[in-house]
Amino acid sequence: MSSNELGMPVVQTTGDSESKQAELVAIRVNSLSKCYQIYDNPRDRLKQFVVPRLQRLARKSSKHYFREFWALKDVSFEIKKGESVGIIGRNGSGKSTMLQIICGTLHPSAGDIEVNGRVAALLELGSGFNPEFTGRENVYMNAGVLGLTLQQTKDRFAEIEAFADIGDFIDQPVKTYSSGMMVRLAFAVIAHVDADILVIDEALAVGDAFFTQKCMRFLRHFMKTGTVLFVSHDTGAIKNLCNRAIWIEKGKVLQEGSPKDVCESYLEAFYEAQQGKSSTTKLKILKKHDGVRVQKDQRMAFINASNLRNDLQIFKFDPESASFGDGGAQITAVEFLDSDGSSLSWVVGGELVTLVVQATVNQPLEGPIIGFTVKDRLGQALFGENTYLTNMDNPLSGSIGDEVQAEFTFLMPILPPGDYSVNVAIASGTQVQHIQHHWISDAVMFKSQSSSSSTGLIGIPMHQIKLDVARNLT
Ligand SMILES: Nc1ncnc2c1ncn2[C@@H]1O[C@H](COP(=O)(O)OP(=O)(O)OP(=O)(O)O)[C@@H](O)[C@H]1O
């Protein structure tokens with residue numbers, strides 16, 4: 001990713017006369033294109049600087065010494081006020097170029113852009129600061145650039161300092177900061193300048209877990225009213241944070257829509273580009289699995305007798321659901337079984353279940369791994385597992401026609417009412433480096449009707465909950 005020249009957070013506002021449309025639209029990008037000039041060597045750059053001027057003086061038609069590279073080509077989209085939009089795309093797809101144009105630090109070659117409101121951007125990490133100045137001086141400088149008066153910055157300084165939480169480093173030159181410290185300070189500033197539009201570019205990836213959580217809390221709060229443009233390679237973050245996503249590829253908008261749909265298409269294309277298209281085979285019958293019994297949540301008898309019982313209706317495996325992979329193996333069955341091995345169409349949250357995933361081997365496989373992820377209706381991954389660690393020291397192999405079966409036995413979490421789905425996949429290799437043979441999105445769907453879970457995305461079955469009162473005997 002490239003950064004703007006100073007890497008500074010940038011302010012951009014429209015004029016005073018806001019039209020009715022502008023009241024609704026935060027950013028409108030219309031047929032935007034950006035062409036970079038590429039020079040094969042430094043001499044050509046110099047020639048381009050000198051020769052055309054001489055040719056113009058001599059009234060000759062001028063010659064170019066560069067190649068054109070269109071980083072953005074005819075890009076149009078609109079972001080409404082209050083929307084949180086994720087921009088996804090591979091390295092070099094044009095995301096940063098677009099951000100810089102939106103932030104006003106880069107000029108488009110063609111097209112136009114309308115930005116209604118104050119933009120605060122967190123672009124390249126560690127950018128935005130003069131390295132020779134102290135953190136304190138940089139706060140004043142950045143906040144001023146972002147539209148705060150000196151008095152406003154003075155009034156908010158303590159809060160900014162507390163948000164950044166970098167201790168005495170606030171009075172050290174920024175050149176002595178770690179990248180984590182720089183992003184803490186940059187984020188602290190943009191969080192306190194009353195921005196209307198935040199442009200965040202993967203910066204949250206740096207910093208410790210506590211700071212990331214602090215940023216997330218701020219962002220979620222900001223998203224209630226403000227507009228956010230979030231650029232990331234992380235589909236999980238996009239699905240989690242945004243209510244719309246735009247996928248940019250080779251400088252063009254490839255898809256725009258719900259984060260779930262866009263991210264799934266993006267991931268599919270990503271794997272297909274690496275491995276080629278998938279194929280399909282027929283369904284086979286599952287083997288009966290070994291029964292396992294464990295202790296239940298002690299409240300289950302009471303909860304299950306009440307209207308809080310977490311009834312989960314499970315729908316049948318859909319082999320036609322969106323899938324990708326190189327076809328080296330084919331997932332043929334996905335099913336939830338009870339502790340006796342019987343197929344389930346209803347599960348009660350907190351009960352022991354076994355998820356069975358079965359696949360047929362279409363080409364010799366070394367070290368097959370089967371995994372699953374349960375997602376909520378927003379596509380947020382709630383929990384999942386894979387077989388890698390279990391077979392790490394003794395990887396299996398599969399020959400053509402063999403059947404691979406994975407069983408995951410667990411206490412089903414207590415799920416708040418809503419729709420859920422299960423992604424399943426078979427790969428081979430290691431957890432880090434593997435070939436995806438068959439990945440099915442939403443292979444099985446299920447629905448939670450009622451729930452005792454009151455906080456969090458899922459409720460965990462409790463082995464024990466105790467409450468004691470120590471009597472005051474005096
Ligand atoms: N100043 C420049 N001169 C020439 N080419 C450039 C310049 N800046 C960017 N590019 C090219 O434009 C394309 C888009 O770059 P950009 O940084 O916008 O992509 P990106 O999607 O942000 O990538 P990443 O995910 O790696 O950050 C890339 O091929 C890049 O090499």
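Given the structure is predicted, the values throughout are model-derived calculations rather than measurements.

Notes on the overall build of the chain
Counting secondary structure elements, the chain contains 11 helices and 21 strands. Within the chain, the fraction of its 474 residues that count as buried is 47%. Long-range contacts, defined as pairs at least 24 residues apart, comprise 78% of the intrachain contacts of the chain with a sequence gap of at least 6.

Quick word on the pattern of salt bridges
For the structure shown, the criterion picks out 13 salt bridges. One salt bridge in this structure joins arginine 28 and glutamate 114, with 2.8 Å as the shortest N-O distance. Taken as a pair, arginine 28 in strand S1 (residues 25-38) and glutamate 114 in strand S4 (residues 110-115) lie far apart in primary sequence, 86 residues in all. Here aspartate 194 makes a salt bridge to arginine 156, at a shortest N to O gap of 2.9 Å. Of this pair, aspartate 194 sits in the loop between helix H6 (179-190) and strand S6 (197-201) while arginine 156 sits in helix H5 (residues 150-164), and the two are 38 residues apart along the sequence.

Quick look at the packing of aromatic side chains
Applying the stated criterion across every chain, the model contains 14 aromatic pairs. When the ring of tryptophan 247 is compared with that of tyrosine 266, the centres are 5.7 Å apart and the planes differ by 90°; the resulting orientation is edge-to-face. Of this pair, tryptophan 247 sits in strand S8 (residues 244-249) while tyrosine 266 sits in helix H9 (residues 259-275); the two residues are 19 residues apart in sequence, bridging distant segments of the chain. For tyrosine 266, a relative accessible area of 5% gives the class buried. Following the ring pairs from residue to residue traces out a cluster consisting of Phe163, Phe187, Phe218 and Phe222. A cation sits over an aromatic face here: lysine 73 above tryptophan 70, 4.1 Å from the ring centre.

What to know about H6
Across its 12 residues, H6 extends 17 Å between first and last C-alpha, which sits within 8% of the 16 Å expected from 1.5 Å per residue. Counting buried residues along H6, 11 of its 12 residues qualify, which places the element largely inside the surrounding structure. All buried positions along H6 are accounted for by Gly180, Met181, Met182, Val183, Arg184, Leu185, Ala186, Phe187, Ala188, Val189 and Ile190.

As for the environment of serine 109
As for its placement among the helices and strands, serine 109 is situated in the loop between helix H3 (95-102) and S4. Serine 109 gets classed as partly exposed once you look at its relative accessible area, which sits at 40%. As a C-alpha pair, serine 109 and serine 33 span 76 residues in sequence and 5.6 Å in three-dimensional space. The residues contacting serine 109, other than those within four sequence positions of it, are Ser33, Lys34, Cys35 and Trp70. A polar contact of 2.7 Å, which involves the side chain of serine 109, links it to the backbone nitrogen of cysteine 35.

Brief notes about the environment of histidine 107
With respect to the helices, strands and loops of the structure, histidine 107 is situated in the loop between H3 and S4. Residue histidine 107 is classed as exposed on the basis of its relative accessible area, which comes to 64%. Spatially, the C-alpha atoms of histidine 107 and serine 33 are 9.7 Å apart, while their sequence positions differ by 74 residues.

Basis of the calculations
Residues numbered from 1 in each chain as written. Predicted model: local features only at pLDDT ≥ 70, side-chain atom pairs only at ≥ 80, totals over all residues. Heavy atoms only, no water. Helix = DSSP H or I, 4+ residues; strand = E, 2+ residues; numbered from the N terminus. Buried < 20%, exposed > 50% of the residue type's maximum accessible area, 1.4 Å probe, protein only. Contact = heavy atoms within 4.5 Å. Salt bridge = Lys/Arg side-chain N within 4 Å of Asp/Glu carboxyl O. Phe/Tyr/Trp six-rings, centres within 6.5 Å; stacked < 30°, edge-to-face > 60°. Lys NZ or Arg CZ within 6 Å of the ring centre and 35° of its normal. Expected span 1.5 Å × (residues − 1). Polar contact = N/O pair within 3.5 Å; in protein donor to acceptor, adjacent residues only side chain to side chain.

The analysis is restricted to geometry; functional conclusions fall outside its scope.
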